[in-house]
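Given next are the chains, with one letter for each unit.
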Amino acid sequence: MLNESMEQFIREHKEEAFELLRTIGRIPAPSNHEEKRAAFCCQWLKEQGAEGVIIDEALNVVYPAVTRETAGLEVYMAHMDVVFPDKEDLPLTENGDFIFCPGIGDDTACLVCLLMAAKYLARAIKEDRLEEVYPSYLPGLLLVCNSGEEGLGNLKGVRKICEKYGNQISAFCTFDSQLDKLVDQAVGSERFRITVRTQGGHSFNDFGRDNAIEKLAEVISLLYRIPVPENGRTTFNVGQIQGGTSVNTIAQEAHMLYEFRSDRKENLDYMHKQFDAVIEEARAAGIEIQTELLGLRPCSGKIDPGRQAELLGRAVAAVEAVTGMRPRTGSGSTDCNIPMSLGIPSVCAGCYRGGGAHTRDEFIEASSLTDGCRVVFHMMFQR
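In this report, the structure presented in the accompanying data block is examined.

Conventions used here
- Residues numbered from 1 in each chain as written.
- Predicted model: local features only at pLDDT ≥ 70, side-chain atom pairs only at ≥ 80, totals over all residues.
- Heavy atoms only, no water.
- Helix = DSSP H or I, 4+ residues; strand = E, 2+ residues; numbered from the N terminus.
- Expected span 1.5 Å × (residues − 1).
- Buried < 20%, exposed > 50% of the residue type's maximum accessible area, 1.4 Å probe, protein only.
- Arc of directions from axis to C-beta.
- 1 Å grid on protein atoms, 1.4 Å probe; cavity = no way out; pocket = protein on both sides within 12 Å on 5 of 7 lines; lining within 4 Å.
- Points joined across faces, edges and corners; volume = space filled by probe spheres on them.
- Nonpolar A, V, L, I, M, F, W, Y, C, P; charged D, E, K, R; others polar.
- Phe/Tyr/Trp six-rings, centres within 6.5 Å; stacked < 30°, edge-to-face > 60°.
- Contact = heavy atoms within 4.5 Å.
- Polar contact = N/O pair within 3.5 Å; in protein donor to acceptor, adjacent residues only side chain to side chain.
- Lys, Arg positive; Asp, Glu negative; His and termini not counted.
- Salt bridge = Lys/Arg side-chain N within 4 Å of Asp/Glu carboxyl O.
- Pairing = 2+ DSSP bridges.
- Axes fitted to C-alpha atoms, helices over the stretch in contact; angles between N-to-C directions.
- Parallel < 35°, antiparallel > 145°, perpendicular 65-115°, else oblique.
- Left-handed = near helix turned anticlockwise from the far one by under 90°.

Quick notes on helix 3 (residues 35-47)
- Between the first and last C-alpha of helix 3 there are 18 Å, a value that for 13 residues agrees with the 18 Å anticipated at 1.5 Å per step.
- Taken together, the buried positions of helix 3 are occupied by Arg37, Ala38, Cys41, Cys42, Trp44 and Leu45. Across the axial projection of helix 3, the buried residues extend over an arc of 165°, all falling on one side.

See the structure below:
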């Protein structure tokens, strides 16, 4: 259990956490355009007494809370962006214990829990209680409200953090998803825009000419015939198709978004070779086709198993202490992908109960936010 100081802080600031969730939840933050949330989080942290907070080039809000000369650095983060493209305030409604809003769980609830821990830490530093809260034998502490976790954000935020601090980072934890699951293995992926072009023309007068949409459909059919490896878990998906001009026009151009994923690097390599083969087959058949790499997420690299087990054990213990239940562990595509690929022990822990992630019907149980705060406090402060 948490010590009395931490538990008292969480209880006393329960309503503040709820109000912070309502405020941030409404602020639009599509990947690569997190400016409004970043500005709010940066200003809020400064108002809580956090010193040295900046917004970096990748739109991360970075709080270098504790600096240590030789003990390494632990990074804790939660992402600000959501999957929705809205540029105006997101719609938030409440019904009893349920709060509904696009992105309210993924990842706004976790972001709020991280911010509340940052407030507690900033207050302890200001009151000269750092040794009591975070003893000097522990590594340095870096808290990040990061950008670019979702979709075509391509993990730009965590990439920037690892680029700057990579050699110093001894452990990495991101808060994302629900309380009952931990991610301790990275699912890598490659994402492409595939464009097909033809001469096009009038649907009646030029009937018989190649149609870009039909040719793109041929390519999709070939991609869907690729057999996935049996070992590990490998998937693929065409997520979007666009093209054409009108119902009576032979389409000159069509494009799609395509991805493949796997929790094993060798399977990603296999899928890439199969993808290249399909594209070359299409070109050999006379199709004018262009590919553009939009996103690349690596799988796990070589991580010291003992250090990884110790970090995962801390996360399991934190969730069990708070919820009384042992969380599931498994693979996933999160901000952990980048540090894991670099051999840094990493884990992703959740902070809420809810459902509907990545839909406009997303919701959380408001009361679960308190448990989420407790999990974050356990991970950061309880050893």
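What follows continues from the structure just given.
Quick notes on empty space enclosed by the protein
- Applying the stated criterion across every chain, the model contains two cavities of 30 Å³ or more.
- What the largest cavity holds in volume is close to 60 Å³.
- Contributing to the lining of the largest cavity are Phe9, Ile10, His13, Lys14, Ala17, Phe18, Met116, Leu369, Thr370, Cys373 and Phe377.
- Here the element with the most residues in the lining of the largest cavity is helix 11 (residues 368-381); it accounts for four residues.
- When grouped by side-chain class, the residues that make up the lining of the largest cavity number eight nonpolar, two polar and one charged.
- One number sums up the size of the second largest cavity: a volume of about 40 Å³.
- Forming the boundary of the second largest cavity are Leu45, Val61, Val62, Tyr63, Leu114, Leu115, Ala118, Leu143, Val144 and Cys145.
- Of all the secondary structure elements, the ones that give two or more residues to the lining of the second largest cavity are strand 2 (61-66), helix 4 (104-126) and strand 6 (140-146).

Some remarks on the layout of surface pockets
- Within this model, the largest pocket holds a volume of roughly 1,100 Å³.
- If you trace the largest pocket, you find 38 residues lining it, with Val83, Glu150, Gly151, Arg191 and His358 closest to the centre.
- At the level of elements, strand 8 (181-186), strand 9 (188-197), strand 11 (234-243), strand 13 (253-262), strand 14 (288-297) and strand 15 (328-332) are the ones that each hand at least two residues to the lining of the largest pocket.
- The leading source of residues in the lining of the largest pocket is strand 13, at five residues.
- Of the residues contributing to the lining of the largest pocket, the split by class is 14 nonpolar, 14 polar and ten charged.
- Of the volumes computed, that of the second largest pocket is approximately 170 Å³.
- Every residue along the wall of the second largest pocket is listed here: Gln178, Leu179, Asp180, Val319, Thr323, Met325, Arg326, Pro327 and Arg353.
- The class makeup of the residues in the lining of the second largest pocket is four nonpolar, two polar and three charged.

A word on the packing of aromatic side chains
- Counted under the stated rule, the structure contains 15 aromatic pairs.
- Aromatic pair phenylalanine 9 and tyrosine 120: ring centres 5.1 Å apart, planes at 70°, arrangement edge-to-face. With phenylalanine 9 in helix 1 (residues 4-12) and tyrosine 120 in helix 4, the pair connects residues that are 111 residues apart, well separated along the chain. Here phenylalanine 9 matches tyrosine 120 in class, with each residue buried.
- A centroid spacing of 6.4 Å and a plane angle of 50° characterise the contact between phenylalanine 260 and phenylalanine 275, whose relative ring orientation is tilted. Of this pair, phenylalanine 260 sits in strand 13 while phenylalanine 275 sits in helix 8 (residues 265-284), placing them 15 residues apart in sequence. Grouping residues by exposure puts phenylalanine 260 and phenylalanine 275 together as buried.
- Every member of this aromatic cluster is reached through a ring pair, and the members are Phe9, Tyr120, Phe377 and Phe381.

Section: helix 7 (residues 212-223)
- A rise of 1.5 Å per residue sets the reference length of helix 7, with its twelve residues, at 16 Å; its end C-alpha atoms lie 17 Å apart and thus fit the reference within 8%.
- As for helix 7, its buried residues are in contact with strand 9, strand 11, strand 13, helix 8 and strand 14.
- The backbone nitrogen of isoleucine 213 has a side-chain oxygen 2.8 Å away, supplied by the residue at the start of helix 7, namely asparagine 211.

Describing the side chain of aspartate 56
- As for its position among the elements, aspartate 56 is in the loop between strand 1 (54-55) and strand 2.
- Despite its burial, aspartate 56 remains without a salt bridge, the nearest opposite charge being carried by lysine 160 at 6.6 Å.
- Within polar-contact distance, the side chain of aspartate 56 engages the backbone nitrogen of alanine 58 at 2.9 Å.
- Those residues in contact with aspartate 56 that sit more than four places away from it in its chain are Val62, Lys160 and Ile161.

Details of the sheet that holds strand 5 (residues 98-100)
- Overall, antiparallel pairing links the four strands, which are arranged 4-5-18-17 in an open sheet. Two strands close off the open sheet at either side, each with one partner strand: strand 4 (93-95) and strand 17 (354-355).
- As judged from the three bridges shared by strand 4 and strand 5, these two strands associate in the antiparallel manner. Following the sheet pairing, glutamate 94 is matched in strand 5 by isoleucine 99.

Points about the environment of valine 112
- You can see valine 112 is positioned in helix 4.
- You can call valine 112 buried: its relative accessible area is 0%.
- Taking the C-alpha atoms as reference points, valine 112 and cysteine 145, separated by 33 residues in sequence, lie 9.7 Å from one another.
- Each residue touching valine 112, except ones within four places of it in the same chain, is listed here: Ala17, Leu20, Leu21, Ile24 and Leu369.

Some thoughts on the packing of helix 1 against helix 11
- Where helix 1 meets helix 11, the axes come as close as 10 Å, and the angle between the chain directions of the two elements is 150°. Between helix 1 and helix 11, the angle falls in the class roughly antiparallel. In the packing of helix 1 onto helix 11, the handedness of the crossing is right-handed. Together, Met6, Glu7, Phe9 and Ile10 of helix 1 and Thr370, Cys373, Arg374, Phe377 and Phe381 of helix 11 make up the contact between the two elements.
- Here the residues of the contact of helix 1 with helix 11 are counted per class, giving six nonpolar, one polar and two charged.

As far as function goes, none of this settles anything; it's purely spatial.
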